[in-house]
Number of protein chains: 2
Amino acid sequence: MLTPAILAEFAAAAGRDGLISEENQLQTYECDGLTNFRQVPVAVLLPRTSAEVQKIVRICAAHKIPFVARGAGTGLSGGALPTAGGIVLSFARMNRILDIDLVNQRVTVEPGVINAHVTAAVAGHGYFYAPDPSSQPVCTIGGNVAENAGGAHCLKYGFTVTHVMELEVVLPTGELVTLGAPTLDAPGYDLAGVFVGSEGTLGVATKITLRIVKRPETVRTLIAAFDSVRHAGKAVSDIIAAGMLPSAIEMMDTLCIEAAEAAVHAKYPVCTALLLVELDGPVTEVEAQMVQVRTLCESNSAWEVRLAANDAERLLIWKGRKAAFAAMGRISPNYIVQDGVIPRTALPEVLEEIERMAQAVQLRVANVFHAGDGNLHPLVLYDRTIAGQEDIALDLSYRILHLCVDKGGSITGEHGVGREKQQAMGYMFSEPDLATMQRVRIAFDPAGIANPDKIFPRTKLCGEKTGPYTPHPLETAGVAEFF
Amino acid sequence: MLTPAILAEFAAAAGRDGLISEENQLQTYECDGLTNFRQVPVAVLLPRTSAEVQKIVRICAAHKIPFVARGAGTGLSGGALPTAGGIVLSFARMNRILDIDLVNQRVTVEPGVINAHVTAAVAGHGYFYAPDPSSQPVCTIGGNVAENAGGAHCLKYGFTVTHVMELEVVLPTGELVTLGAPTLDAPGYDLAGVFVGSEGTLGVATKITLRIVKRPETVRTLIAAFDSVRHAGKAVSDIIAAGMLPSAIEMMDTLCIEAAEAAVHAKYPVCTALLLVELDGPVTEVEAQMVQVRTLCESNSAWEVRLAANDAERLLIWKGRKAAFAAMGRISPNYIVQDGVIPRTALPEVLEEIERMAQAVQLRVANVFHAGDGNLHPLVLYDRTIAGQEDIALDLSYRILHLCVDKGGSITGEHGVGREKQQAMGYMFSEPDLATMQRVRIAFDPAGIANPDKIFPRTKLCGEKTGPYTPHPLETAGVAEFF
């Protein structure tokens, strides 16, 4: 609980209409897209300007009050979960596009601007903003920066970090700094690069200059049906090895296909592994490469290869893919969305191992993933009403992460570590690696008030033993109710 | 001078043949490609393994001895200049390619591996390592990492940072850590990103995993002659605005053309501004886009447009471009190589302003630059034997940097800050911005022994006044004798 004096300070900083402190209103902010963790904040502040953000953060620093920034609350790893006793800085009112510089291909926005609105603002001039998380119609650029958001098209276009040129940031001390530069390769340390993906632990971005990209002349999408993951995986490797860089290569397994079909009737062939390959660029290039893609799919035993004849068909294919998470609700009462990365070439063996692990505990795992860059999204299906099944599902989902690390991969591709995967960080990184990150964190946030208790393993804080990661009963995984 | 006891420690760490301590041998290491600054190190160590590097750094930490890593010594900003009383860690003996993983498109090397050798090792399989500084045949990957090296083709392929996946690093404390990950978008802070380009101030890379790229199906190069920089600059903007991403767009002015012609007889048309445009990719795409490039050059009044008919002609065009720096020796006894960045669209006005500034002090400035990404290399020509002219040339070169910053650009595109441009950092960044970088530096190097006295302005240390940068008489710019 905040004292009336501190509340008055906050009200003076953000205006009376910029402060929420009533219990029932605060509950809206108790979690993000990861709903297994909930913590009601002690207050929510809605600043309108960088100066107001500075004032609020200075009050936090003076009274050692933790803060977490929040955009649309669509994160899947609990990044925007409040800290006990902490406030939420909502960027709902800082949602202006400040500058559009088409000639230099950049757009400057406030953090509350919705991802899709950036593209909307420049589409008429033939440009778009490339990172496209599935939550694109609602998620904000501030949140994308915090989590280094990806999307189906980051195989070709890169993650958010590739598209952030310059950031205005309020440090946890209340200082206002500029990180990065409006040009390529700024001198000094690449602090814009380290800030993007730091999940709110190094400060709060208040202004972001984004790189926009010229819209390609054409976009073509193909689906190919395979009877084995091994063949589909080989087709992916062959496409990349041929020197092509598709804008997206997605793979879905039978369970996903069935769920997506039930939801949107995308007319997918039902098969063991469905590939979705999208090429964009000049017409001459795309047409020529699409012939190659088709040949490589067929030479890897695809039994149906279908090129979307027009934009309507193309969008329907994508609608099915993007609905895949939510569609799980049609075939399972509950499910956990996981997010791991493996070397592309390890796909077949990892999927076979996941299948073995799932069968051993009598659960089903649906798989949908960005096959081009090896970013897996296993969906662990379970029924919460069956006693003990949630724990088994959680345990399975963590063991899948371990498998990813063991195969030379990573515990998250694009959802972030947040609150969900803190312990898994200890499985992936050595103690000195983590200590180095912690020293950087302290360099930015000596008081430890910027989204504390995120990213890093909490073993030492909690007095738990160090060593290989043992899932804590309370460390529940990403049950996505958002999508 | 090191005590015999410390020398014995170093000899024990690196072996007797891994220690150089004789004055005449040490002089080889007194500077890098920026020869205006010289400082003989107290010893040079030549480790063979990461473990030896750790031992050496621990000795430095115990005795507070500064160290700087050195690859081929081709840097142009004094990054490898020893600190007074400090040692040099030479990576001449850590030059092995450790692993080639074609399927996952990565190569792991020791820091002393020469840039061009990475491509040589994978070329037979159709791959190449993209960053191509002009010093490519001799410079090392360790140095490229320290300076975040670029090259003519980073317009399309990006700088070194885009191609570094994972780093094994010996911290200034002697600890061995891994930064980054072998996959995309590693969780936690992007410390590989902050390390690349940190110019040796955060530690020493001992193992580097690089991303390699599939060699394009074809490469075509065109030159176009313009009678005005404004027209050539407009052609560059039009090419980019048309949605094309050439692998390189270079521009040279009359002085550069004349010098390059004299050196290699590349048969360049003599004109005010010569564009060199290179496209690579699938044959169908390149052929179609080359037609567009030609049209855009002609519609901007190019009076000669010539497409290299074969690889021999193409390589000759590049030979002239890459010889441009060294060729300056044919038209001027001395010259300063500068390195600044401006928004692409500001090219004509910046070049006109540089011309005005040069005329005002009766000096000539030749200009060669990576026009696609606005990276300028003005070459300030002068004669050291004329009393006072070097100072005037240095002052002019610094004022050109200020101009770049004033136009929304940067003080370095690819050569780094090093010893040369420390003061200009204070012109480009605010005090809080620099303080944030310093805190990160201290997080890695609390004792201040890793290449200290580099990057950051030295005003405070020297008791000089803060404020807009005034060139110090000793702060001489990059007189490149390397190229």
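Here the structure is a predicted model, which is why all the values come from computation and not from measurement.

### Focus: the relation of the copies chain A and chain B
- Superposing chain A onto chain B takes a rotation of 180° plus a shift of 0.0 Å along the axis, which leaves an RMSD of 0.0 Å. Such a combination of rotation and displacement between the chain copies is what one expects of a two-fold axis. Minimal C-alpha separation from the rotation axis in chain A is found for Glu-285 of chain A, amounting to 2.5 Å.
- When you check the interface residues of chain A against chain B, 100% turn up at the interface there too, and the contact is symmetric in its surfaces.

### Points about the nonpolar core
- Of all hydrophobic cores here, the largest spans 84 residues; its most connected members are Leu-167 of chain A together with Leu-167 of chain B.
- Those residues in contact with Leu-167 of chain A that sit more than four places away from it in its chain are Val-145, Val-177, Thr-178, Leu-179, Ala-192, Phe-195, Val-196, Ala-205, Lys-207 and Ile-208 of chain A.

### Digging into unusual backbone geometry
- Residue Asn-148 of chain A is not a glycine yet carries a positive backbone phi of 50°.
- The class for Asn-148 of chain A is buried, based on a relative accessible area of 6%.

### Thoughts on the pairing of strand β8 (residues 164-170) of chain B
All names here are of chain B.
- Among the 7 residues of β8, 6 are classified as buried, and the element is accordingly described as predominantly covered.
- Where β8 meets strand β10 (residues 204-211), 6 bridges bridge the pair, whose relative direction is antiparallel. Paired with Leu-167 across the bridge in β10 is Ile-208.
- In the sheet, β8 pairs with strand β9 (residues 176-180) via 5 bridges, with the strands oriented antiparallel.

### Concerning the interface of chain A and chain B
- Taken together, the contacts link 65 residues of chain A with 66 residues of chain B.
- Of all residues in chain A, the largest losses of buried area upon contact with chain B belong to Asp-185, Pro-187 and Tyr-189 of chain A, amounting jointly to 16% of the total for that side.
- Linking chain A with chain B are 2 salt bridges.
- Summed over the shared surface of chain A and chain B, the result is 12 residue pairs in polar contact (both at pLDDT 80 or more).
- Of all the elements in the fold, those that place two or more residues in the side of chain A that touches chain B are β9 (176-180), α7 (191-195), α8 (229-241), α10 (283-299), α15 (422-428) and α16 (431-444) of chain A.
- Its residues assigned to classes, the side of chain A that touches chain B comprises 33 nonpolar, 21 polar and 11 charged.

### Here's the deal with the sheet that holds β9 of chain B
All names here are of chain B.
- The strand order β5-β6-β10-β8-β9 describes an open sheet built from 5 strands, whose pairing is antiparallel. This sheet does not close on itself; its edge strands, each paired only once, are β5 (97-101) and β9. When strand polarity is set aside, the average angle formed by the axes of neighbouring strands in this sheet is 15°.
- Against the sheet, helix α3 (residues 50-63) engages β8, β9 and β10, with an angle of about 50° to β8.

### Considerations on the packing of aromatic side chains
- All chains considered together, the criterion is met by 4 aromatic pairs over all chains.
- Between Tyr-189 of chain A and Phe-456 of chain B, the aromatic rings sit 5.6 Å apart at their centres with planes inclined by 75°, giving edge-to-face as the arrangement. Placement of the pair is Tyr-189 of chain A in the loop between β9 and α7 and Phe-456 of chain B in the loop between α17 (431-444) and α18 (459-462), with the two residues belonging to separate chains. Like Tyr-189 of chain A, the residue Phe-456 of chain B is buried in the burial classification.
- In this arrangement the basic side chain of Lys-214 of chain B is found over the ring face of Tyr-127 of chain B, its NZ or CZ atom lying 4.7 Å from the centre.

### Details of helix α4 (residues 115-122) of chain B
All names here are of chain B.
- Within α4, burial applies to Asn-115, Val-118, Thr-119 and Val-122. Taken end-on, α4 shows its buried residues confined to a sector of 90°, consistent with a single buried face.
- On its buried face, α4 is in contact with β5, β6 (106-109), β7 (127-128), α5 (141-147) and β10.

### Examining the packing of α10 of chain A against helix α11 (residues 283-299) of chain B
- Direction vectors running N to C along α10 of chain A and α11 of chain B enclose 170°, while the axes themselves pass 8 Å from each other. Relative to α11 of chain B, the element α10 of chain A is oriented roughly antiparallel. In contact with Thr-284, Glu-285 and Ala-288 of chain A of α10 of chain A, α11 of chain B contributes Thr-284, Glu-285 and Ala-288 of chain B.
- The class makeup of the residues in the contact of α10 of chain A with α11 of chain B is 2 nonpolar, 2 polar and 2 charged.

### Side note on the sheet that holds strand β2 (residues 43-45) of chain A
Residues and elements named next belong to chain A.
- Here we have 4 strands laid out as an open sheet, ordered β1-β2-β4-β3, and mixed in their pairing. The outermost strands of the open sheet, each flanked by one partner alone, are β1 (19-20) and β3 (67-70).
- Pairing analysis gives 2 bridges linking β1 to β2, with the strands arranged antiparallel. Its bridge partner being in β2, Leu-19 is matched across the sheet by Leu-45.
- Strands β2, β3 and β4 (87-90) of the sheet are contacted by helix α3 (residues 50-63), whose axis makes an angle of about 170° with β4.

### Some details on the pattern of salt bridges
Residues and elements named next belong to chain A.
- Counted by the stated rule, this structure contains 39 salt bridges over all chains.
- Its salt-bridge partner being Lys-234, residue Asp-238 comes within 3.2 Å of it at the nearest N-O pair. Of this pair, Asp-238 and Lys-234 both sit in helix α8, 4 residues apart, which is roughly one turn of that helix.
- Note on Lys-234: relative accessible area 42%, which makes it partly exposed.
- Measuring nitrogen to oxygen at the nearest pair gives 2.9 Å for the salt bridge that ties Arg-314 to Glu-278. Of this pair, Arg-314 sits in helix α11 (residues 311-322) while Glu-278 sits in strand β14 (residues 273-281); the two residues are 36 residues apart in sequence, bridging distant segments of the chain.
- The class for Arg-314 is buried, based on a relative accessible area of 13%.

### Structural notes on the packing of helix α9 (residues 229-241) of chain B against α11 of chain B
All names here are of chain B.
- With their axes 9 Å apart at the nearest point, α9 and α11 run at an angle of 145° to one another. Crossing of α9 over α11 shows right-handed handedness. Of α11, the residues touching α9 (which contributes Ala-235, Asp-238 and Ile-239) are Val-293, Leu-296 and Cys-297.
- Considered class by class, the residues forming the contact of α9 with α11 number 5 nonpolar, no polar and 1 charged.

### Here's the deal with the side chain of Asn-375 of chain B
All names here are of chain B.
- By the element assignment, Asn-375 lies in strand β19 (residues 375-382).
- Judged by its relative accessible area of 3%, Asn-375 falls in the buried class.
- Separated by 3.0 Å, the side chains of Asn-375 and Asp-339 make a polar contact.
- Once residues within four sequence positions are removed from consideration, Asn-375 is found in contact with Asp-339, Gly-340, Val-341, Phe-369, His-370, Gly-413 and Glu-414.

### Details of the side chain of Ser-50 of chain B
All names here are of chain B.
- By the element assignment, Ser-50 lies in helix α3.
- A polar contact of 3.5 Å, which involves the side chain of Ser-50, links it to the side chain of Thr-206.
- Excluding residues that lie within four positions of it along the chain, Ser-50 makes contacts with Met-94, Glu-168, Val-170, Leu-176 and Thr-206.

### A closer look at the confidence of the model for chain A
All names here are of chain A.
- This prediction gives chain A a mean pLDDT of 90; 95% of its residues lie at or above 70.
- Across residues 460-483, where pLDDT falls below 50, the model places 65 contacts with residues more than four positions away in sequence or in other chains.
- Confidence metrics for the complex model read pTM 0.89 and ipTM 0.85.

### Topic: the environment of Leu-176 of chain A
- With respect to the helices, strands and loops of the structure, Leu-176 of chain A is situated in strand β9.
- With relative accessibility at 32%, the residue Leu-176 of chain A sits in the partly exposed group.
- Note: C-alpha distance between Leu-176 of chain A and Leu-363 of chain A (187 residues apart in sequence) is 50 Å.
- Residues within four places of Leu-176 of chain A in sequence aside, it is in contact with Ser-50, Gln-54, Glu-168, Val-169, Val-170 and Thr-206 of chain A together with Pro-432 of chain B.

What counts, and at which threshold
- Residues numbered from 1 in each chain as written.
- Chains lettered and ligands numbered in written order.
- Predicted model: local features only at pLDDT ≥ 70, side-chain atom pairs only at ≥ 80, totals over all residues.
- Heavy atoms only, no water.
- Least-squares fit on C-alpha atoms with pLDDT ≥ 70 in both.
- Contact = heavy atoms within 4.5 Å.
- Core = buried A, V, L, I, M, F, W, Y, C linked by side-chain atoms within 4.5 Å.
- Buried < 20%, exposed > 50% of the residue type's maximum accessible area, 1.4 Å probe, protein only.
- Helix = DSSP H or I, 4+ residues; strand = E, 2+ residues; numbered from the N terminus.
- Pairing = 2+ DSSP bridges.
- Buried area = accessible area lost by both parts, 1.4 Å probe.
- Salt bridge = Lys/Arg side-chain N within 4 Å of Asp/Glu carboxyl O.
- Polar contact = N/O pair within 3.5 Å; in protein donor to acceptor, adjacent residues only side chain to side chain.
- Nonpolar A, V, L, I, M, F, W, Y, C, P; charged D, E, K, R; others polar.
- Axes fitted to C-alpha atoms, helices over the stretch in contact; angles between N-to-C directions.
- Phe/Tyr/Trp six-rings, centres within 6.5 Å; stacked < 30°, edge-to-face > 60°.
- Lys NZ or Arg CZ within 6 Å of the ring centre and 35° of its normal.
- Arc of directions from axis to C-beta.
- Parallel < 35°, antiparallel > 145°, perpendicular 65-115°, else oblique.
- Left-handed = near helix turned anticlockwise from the far one by under 90°.
- pLDDT = per-residue confidence, 0-100.

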